[in-house]
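Single-letter residue listing:
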Amino acid sequence: MFNFLKRKKYPQYWKDHIDKVLNSKKYTNYESIRFVALDTETTGFDYNNDRILCIGAVAIINNKIQVNDSFEVYIKQTIFNKETIKIHGIRKNGTERKVSEEEALIQFLEYLDDAIIIAHHTKFDITMINQALKRLHIGPIQSKQLDTNYIHKKIATENRFKKLFSLDELCNIYNITMHDRHTASGDALLTALVFLKLTSKFKKNNILNLTELIRTNYYLKH
């Protein structure tokens, strides 16, 4: 266990998160790894001033999307931005059941367990989650992370020097029909589908293992 856990009293759910990641036995066998594709909807793109409105996620094990192993939570809005409603459709007083930011993070960390995180433009989603954890005086999240943008850049034969590909662009490149775009759960499912397309192509020239995939994320903390 990290020494810093001994210096301060942390909530049990945060200790559990670190313990699960540090002691997972699944990372050496690719087929047993549980990946979690996630997406967040937010009030904007400012890491300090905007807030998460919804987290959506779905698991992947052994190259199969686990539709029965999915997650969605809506968060009570302490910051309101009417300009972003036209993108995600989440209203401050909408009918969705909403919980506090802390309760949402507790539920998310429990769902995440020891999974490897997959997202599209992972830095944004994880930084927003880490900022929320920081407000609770914990974090950052310890899970290993992958980014579909950078896996695609590793295997792309066209425009490989382009810095960022949108999720729409990757769906078009890999012939994935888009549904529920700009909902957290919908975008998480699209990210999962893109990830399976990418890993299928990636393993034609490489042994599919976690180490090789993580090496595509040269900017992320491992």
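These figures come from a predicted structure and were not determined experimentally.

Caption draft 1: Helix 6 (residues 148–155), seen in detail. Counted residue by residue, helix 6 has seven buried out of eight residues, so it is predominantly covered. Taken together, the buried positions of helix 6 are Thr148, Asn149, Tyr150, Ile151, His152, Lys153 and Ile155. Residues of helix 6 that are buried sit in contact with strand 5 (116–119), strand 6 (145–147), helix 7 (167–173), helix 8 (184–202) and helix 9 (210–214). The opening residue of helix 6, the one whose side-chain oxygen lies 2.8 Å from the backbone nitrogen of Asn149, is Asp147.

Caption draft 2: How the structure looks around the pattern of salt bridges. The tally for this structure, following the rule as stated, stands at six salt bridges. Lys20 is the partner of Asp113 in a salt bridge, and the nearest nitrogen-oxygen pair spans 3.5 Å. Here Asp113 is found in the loop between helix 4 (101–112) and strand 5, whereas its partner Lys20 is found in helix 2 (residues 12–22), with 93 residues between them in sequence. On the basis of relative accessibility, which here comes to 26%, the residue Asp113 falls in the partly exposed class. For Asp114, the salt bridge is made with Lys26, and the minimal N-O distance between the two is 3.6 Å. You can see Asp114 sitting in the loop between helix 4 and strand 5 and its partner Lys26 sitting in the loop between helix 2 and strand 1 (34–42), a full 88 residues away along the chain. Take Lys26: its relative accessible area is 32%, and that puts it in the partly exposed class.

Caption draft 3: Looking closely at helix 5 (residues 122–135). An ideal rise of 1.5 Å per residue puts 20 Å on 14 residues; helix 5 measures up with 20 Å between its terminal C-alpha atoms. Across the 14 residues that make up helix 5, a large majority, 10, are buried. Considered for burial, the residues of helix 5 that qualify are Thr122, Phe124, Asp125, Ile126, Met128, Ile129, Asn130, Gln131, Ala132 and Leu133. Along its buried surface, helix 5 packs onto helix 2, strand 1, strand 2 (52–61), helix 4, strand 5 and strand 6. Taken from the residues just after helix 5, His137 is the one with a positive phi, measuring 70°.

Caption draft 4: Fine view of the packing of aromatic side chains. A full pass over the atoms with the stated rule returns six aromatic pairs. Judged by centre distance (5.4 Å) and plane angle (50°), the ring pair of Tyr30 and Phe35 falls under tilted. Each of the two residues, Tyr30 as well as Phe35, counts as buried. Feature note: the residues Tyr30, Phe35 and Phe195 constitute an aromatic cluster, connected by ring pairs. The ring of Tyr111 is capped by Arg34, whose NZ or CZ atom sits 4.8 Å from the centre of that ring.

Scoring rules and cut-offs
- Residues numbered from 1 in each chain as written.
- Predicted model: local features only at pLDDT ≥ 70, side-chain atom pairs only at ≥ 80, totals over all residues.
- Heavy atoms only, no water.
- Buried < 20%, exposed > 50% of the residue type's maximum accessible area, 1.4 Å probe, protein only.
- Helix = DSSP H or I, 4+ residues; strand = E, 2+ residues; numbered from the N terminus.
- Contact = heavy atoms within 4.5 Å.
- Polar contact = N/O pair within 3.5 Å; in protein donor to acceptor, adjacent residues only side chain to side chain.
- Salt bridge = Lys/Arg side-chain N within 4 Å of Asp/Glu carboxyl O.
- Expected span 1.5 Å × (residues − 1).
- Phe/Tyr/Trp six-rings, centres within 6.5 Å; stacked < 30°, edge-to-face > 60°.
- Lys NZ or Arg CZ within 6 Å of the ring centre and 35° of its normal.

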